[in-house]
Amino acid sequence: MATTTADRNGDGAEKKRKLGGFKTMPFILGNDICDRFATAGFGANLITYLTQQLHLPLVEASNTLTNFSGTSSLTPILGALVADSFAGRFWTIIAGSIFYQLGMIGLVVSALLPSLRPPTCSPPGSPACRRATGRQLAVLYLSLLCTSFGSGGLRPCVVAFGTDQFDHELERAQQQKQGAAEAVEAVAGRKRRYFNLYFFTMGIAALLAVTVVVYIQDNVGWGWGFGIPAAAMFVSIVVFVIGYPLYVRLKPGGSPFTRLAQVAAAAFKKRNVALPEDPGKLYQDKELDALISTNGRLLHSDNLTFLDRAAIVMPGDISGSGQPDLWRLSTVHRVEELKSIVRLLPIWSAGILLATAESHNGSFTILQARSMDRHITRHFEIPPASMSIFGTTAMLVALALYDRAFVPLARRVTGLPSGITYFQRMGIGLAISIVSVGTAALVETKRRGTAVEHGLADDPTAAVPISMFWLVPQFAIHGIAGAFSSVGHMEFLYDQAPESMRSTAAALFWLASSLGHYMGTLLVTAVQHATRGRGDWLQDNINRGRIDNYYWLVTCLMVLNLGYYIICFHFYTMKPLEVADDEHGDHDKECELSSVQKNGTGAGGVSRMV
């Protein structure tokens, strides 16, 4: 059974009860706030640094940015593997923070030393500007690579480590003689609040970054602009370590990818063996699965039955000592782990195109804002990268109102304690995202038309006489969409992934973002190639380009993606889980649990096994 450090040291159940809970949140979320502040602080304005300081062309800079974002969202798979296999989430977070700190220091050095960037020129982007040399770019890329590895340790583990602090409360609730359904719903409610709080703190950190840090980068200097996030990263490490005595630190259950490979190998070896009519004859071993099923074992499901062959006992599968050869025989629980991952992949993949649609917010939209009138007063203008403040603010408001206003209203209609299921939450977010990208296309049509009307089509450095506040609606709608889609996506992955693969589930969330950003790079490259010499949609002079057509293309893809998501949801099967039914005083009885009913009839539905 997965244990806390307190358990392994023999300090007893009383000390275990003092660990975890909401009292650990200031340390965990404090670390995350500083991490997100650092990430957003240099990431929000990186397109400006690449084009204005290193003098890279627009498309190259945009692809560099999306590739970096994609890599930062891909490395969490490695971090999740390390955390779930042997290191545990706490030490993986520490290692990731150190890597991130080293990358931030590298960025500060590259911004401060004149030898690590090309000479300044005016105006930026003119033919006289000399782009960064290979050595200068190598320092930048190495620093970005370090921050990407740091993200690999932080992103999959922080959110999962936070939920670890509540998992033990299910056992506590059952010890207090609560029924299985009531205990599970109580813990699920705390986790829902935690997920909302997690994304809310991410938004607060991003809001501070795109206001304070971006302003410093544009008006004070890039050394200070990168130095402040680097200092915040150091503070995050200190804050996280201070909370060490309070954390529930679960023991890793071994490599989840090895277990999945063992199931696949065993099923393939027995591909010609007939399945038993009674699933009860398939191999079970509670002691073997104890470490990876502390909240209950997965029950047999009737789909993907090919994999059930891995749990058929054949001569030679079990040694004389009673130990199974795991490359020949797997338990039902381990088979269902693989089934759970396979089942959730189609719905998970719907989040990929969402990240593709988001990828232009850090590149094209900033360049649009830079070309517009950004003055609030005669002497003060908003930095282009700070435009995302409107999206972040909208997301924060939506998250704040979600539990206080939306859920109570939805609960009256659906009867669900959560108001709506995470499936519905994600679907609503995908639909709102379509409106966001469509709005971006309309606004760009208006901005470009104004530039042509005033004879500025061939002057990319001139300020187009149109207020940058025209960009606010698309950012605000995008922020509201994120409050639904991102939180719903994370909830779905965490709830439907096997218990021993929670870090992997969080990594899948970031993997979708990674693939989405890489897809954004491919889409930009494909559009540039397809339109070259025929309108050039994406070019350095955005007044001559047709970014609006690019946005309309993305809008059409998002509509298709929503239809794909609805089809995947229709055929999805919930994860079956068993828990002890203490309500009847019999710890050997088991209950089948779906923490969220797919058909929307309730949450925490429980039925006794017969």
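Residues numbered from 1 in each chain as written. Predicted model: local features only at pLDDT ≥ 70, side-chain atom pairs only at ≥ 80, totals over all residues. Heavy atoms only, no water.

## A look at the overall build of the chain
(1) Moving on: Secondary structure summary: the chain contains 19 helices and 5 strands in total.
(2) Moving on: The burial tally for the chain puts 57% of its 610 residues in the buried class.
(3) Moving on: Taking as baseline every contact in the chain between residues at least 6 positions apart, the subset at least 24 positions apart corresponds to 81%.
(4) Moving on: Split by element, the accessible area of the chain, about 24,700 Å² in all, is 64% carbon and sulfur. (Helix = DSSP H or I, 4+ residues; strand = E, 2+ residues; numbered from the N terminus. Buried < 20%, exposed > 50% of the residue type's maximum accessible area, 1.4 Å probe, protein only. Contact = heavy atoms within 4.5 Å. Areas by Shrake-Rupley, 256 points an atom, 1.4 Å probe, with all protein chains shown as cover.)

## Section: helix H6 (residues 76-87)
(1) Moving on: An ideal rise of 1.5 Å per residue puts 16 Å on 12 residues; H6 reaches only 14 Å between its terminal C-alpha atoms.
(2) Moving on: What H6 keeps buried is the set Pro76, Gly79, Ala80, Ala83, Asp84 and Ser85.
(3) Moving on: Of the residues one or two after H6, Gly88 is the one with positive phi, at around 85 degrees. (Expected span 1.5 Å × (residues − 1).)

## Remarks on the nonpolar core
(1) Moving on: The biggest cluster of nonpolar side chains holds 115 residues, and the ones touching the most others in it are Tyr198, Leu344 and Tyr550.
(2) Moving on: In terms of residue count, the dominant contributor to this core is helix H13 (residues 332-359) (12 residues).
(3) Moving on: If you look at the next biggest cluster of nonpolar residues, it comprises 14 residues, including Ala369, Met372, Val443 and Ala462. (Core = buried A, V, L, I, M, F, W, Y, C linked by side-chain atoms within 4.5 Å.)

## Focus: unusual backbone geometry
Most peptide bonds are trans, and most residues other than glycine sit at a negative phi.
(1) Moving on: Residues other than glycine seldom take positive phi values, yet His55 does so here, at roughly 60 degrees.
(2) Moving on: Mapped onto the elements, His55 comes out in the loop between helix H4 (46-53) and helix H5 (58-74).
(3) Moving on: Its identity as a non-glycine residue notwithstanding, Leu304 has a phi of 50 degrees, on the positive side.
(4) Moving on: On the secondary structure map, Leu304 appears in the loop between helix H12 (286-289) and H13.

## A closer look at the packing of aromatic side chains
(1) Moving on: Evaluation of the coordinates by the stated rule reveals 30 aromatic pairs.
(2) Moving on: Their ring planes at 90 degrees and their centres at 5.3 Å tell us that Tyr198 and Phe199 sit as a pair that is edge-to-face.
(3) Moving on: For Phe199, a relative accessible area of 5% gives the class buried.
(4) Moving on: Members of the aromatic cluster, connected to one another through ring pairs, are Tyr194, Phe195, Tyr198, Phe199, Tyr494, Phe509 and Trp510. (Phe/Tyr/Trp six-rings, centres within 6.5 Å; stacked < 30°, edge-to-face > 60°.)

## Re the packing of H13 against helix H16 (residues 422-453)
(1) Moving on: Orientation of H13 relative to H16, taken along the N-to-C sense of each, is 25 degrees, at an axis distance of 11 Å. Judged by the inter-axis angle, H13 sits roughly parallel to H16. For the element pair H13 and H16, the recorded crossing hand is left-handed. In this structure, H13 contributes Ile347, Ala350, Gly351, Leu354 and Ala357 to the contact, and H16 contributes Phe423, Met426, Leu430, Ser433 and Val437. (Axes fitted to C-alpha atoms, helices over the stretch in contact; angles between N-to-C directions. Parallel < 35°, antiparallel > 145°, perpendicular 65-115°, else oblique. Left-handed = near helix turned anticlockwise from the far one by under 90°.)

## Some words on the pattern of salt bridges
(1) Moving on: Per the stated rule, a full pass over the model turns up 15 salt bridges.
(2) Moving on: Residues Arg343 and Glu336 are paired through a salt bridge, measuring 4.0 Å at the closest nitrogen-oxygen approach.
(3) Moving on: Take Glu336: its relative accessible area is 0%, and that puts it in the buried class.
(4) Moving on: By sharing partners, the salt bridges in this structure join Asp308, Glu336, Lys339 and Arg343 into a single network. (Salt bridge = Lys/Arg side-chain N within 4 Å of Asp/Glu carboxyl O.)

## Remarks on the environment of Ser110
(1) Moving on: Of note, Ser110 is situated in helix H7 (residues 89-112).
(2) Moving on: Sequence spacing of Ser110 and Gly223 is 113 residues, and the spatial spacing of their C-alpha atoms is 8.4 Å.
(3) Moving on: Not counting the four nearest positions on each side in its chain, Ser110 is found in contact with Tyr49, Leu116, Arg117 and Val139.
(4) Moving on: At a separation of 2.8 Å, a polar atom in the side chain of Ser110 contacts the main-chain carbonyl oxygen of Leu107. (Polar contact = N/O pair within 3.5 Å; in protein donor to acceptor, adjacent residues only side chain to side chain.)

## Points about a nonpolar patch on the surface
(1) Moving on: Taken together, the side chains of Ile98, Leu102, Ile105, Val109, Leu112 and Leu113 present a nonpolar region at the surface, about 520 Å² in accessible area.
(2) Moving on: Turning to its location among the elements, Ile105 is positioned in helix H7.
(3) Moving on: Under the relative-accessibility criterion, Ile105 is labelled partly exposed at 43%. (Patch = residues over 30% accessible without salt bridge, like charges linked within 9 Å, V, L, I, M, F, W, Y side chains within 5 Å.)

## A look at the pairing of strand E2 (residues 464-467)
A regular strand places its side chains on the two faces of the sheet in alternate fashion.
(1) Moving on: The alternating pattern of E2 places Val464 and Ile466 on a buried face, while none of Pro465 and Ser467, on the opposite face, is buried.
(2) Moving on: The pairing of strand E1 (residues 372-373) with E2 spans 2 bridges and is parallel. Bridge assignment links Met372 to a residue of E2, and that residue is Val464. (Pairing = 2+ DSSP bridges.)

## Some points on the confidence of the model for the chain
(1) Moving on: Of the residues in the chain, 87% reach a pLDDT of 70 or more, and the chain-wide mean stands at 81.
(2) Moving on: The lowest-confidence element of the chain is strand E5 (residues 603-608), averaging 36 in pLDDT; the highest-confidence one is helix H19 (residues 547-570), averaging 94.
(3) Moving on: Considering only residues more than four positions removed or in separate chains, one finds that residues 1-12, a stretch of pLDDT under 50, has 25 contacts.
(4) Moving on: Taken as a whole, residues 601-610 scores under 50 in pLDDT and shows 33 contacts with residues more than four places along the chain or in a different chain. (pLDDT = per-residue confidence, 0-100.)

## Side note on helix H15 (residues 388-414)
(1) Moving on: With 27 residues, H15 extends only 34 Å from end C-alpha to end C-alpha; this falls clearly short of the ideal 39 Å at 1.5 Å per step.
(2) Moving on: Residue Tyr402 marks the point of greatest curvature in H15, where the axis turns by about 60 degrees.
(3) Moving on: Taken from the residues just after H15, Gly415 is the one with a positive phi, measuring 80 degrees. (Bend = angle between axes of the 7 residues up to and from the residue.)

## With respect to the side chain of Thr356
(1) Moving on: Positionally, Thr356 belongs in helix H13.
(2) Moving on: Reaching out from Thr356, the side chain makes a polar contact with the backbone oxygen of Gly516 at a distance of 2.8 Å.
(3) Moving on: Look past the residues within four positions of Thr356 in its chain and what remains in contact with it is Gly516, Met519, Gly520 and Leu523.

## Notes on the environment of Arg297
(1) Moving on: Looking at the secondary structure, you find Arg297 in the loop between H12 and H13.
(2) Moving on: For the pair Arg297 and Lys286, spaced 11 residues apart in sequence, the C-alpha separation works out to 8.2 Å.

## Observations concerning the packing of H6 against H7
(1) Moving on: The geometry of H6 relative to H7 is characterised by a closest axis approach of 8 Å and an angle of 140 degrees between their N-to-C directions. Accordingly, the angle class assigned to the pair H6 and H7 is oblique. Our pair here, H6 against H7, has a crossing hand that is right-handed. Contacts between H6 and H7 involve Gly79, Val82, Ala83, Asp84 and Ala87 from the former and Arg89, Trp91 and Thr92 from the latter.

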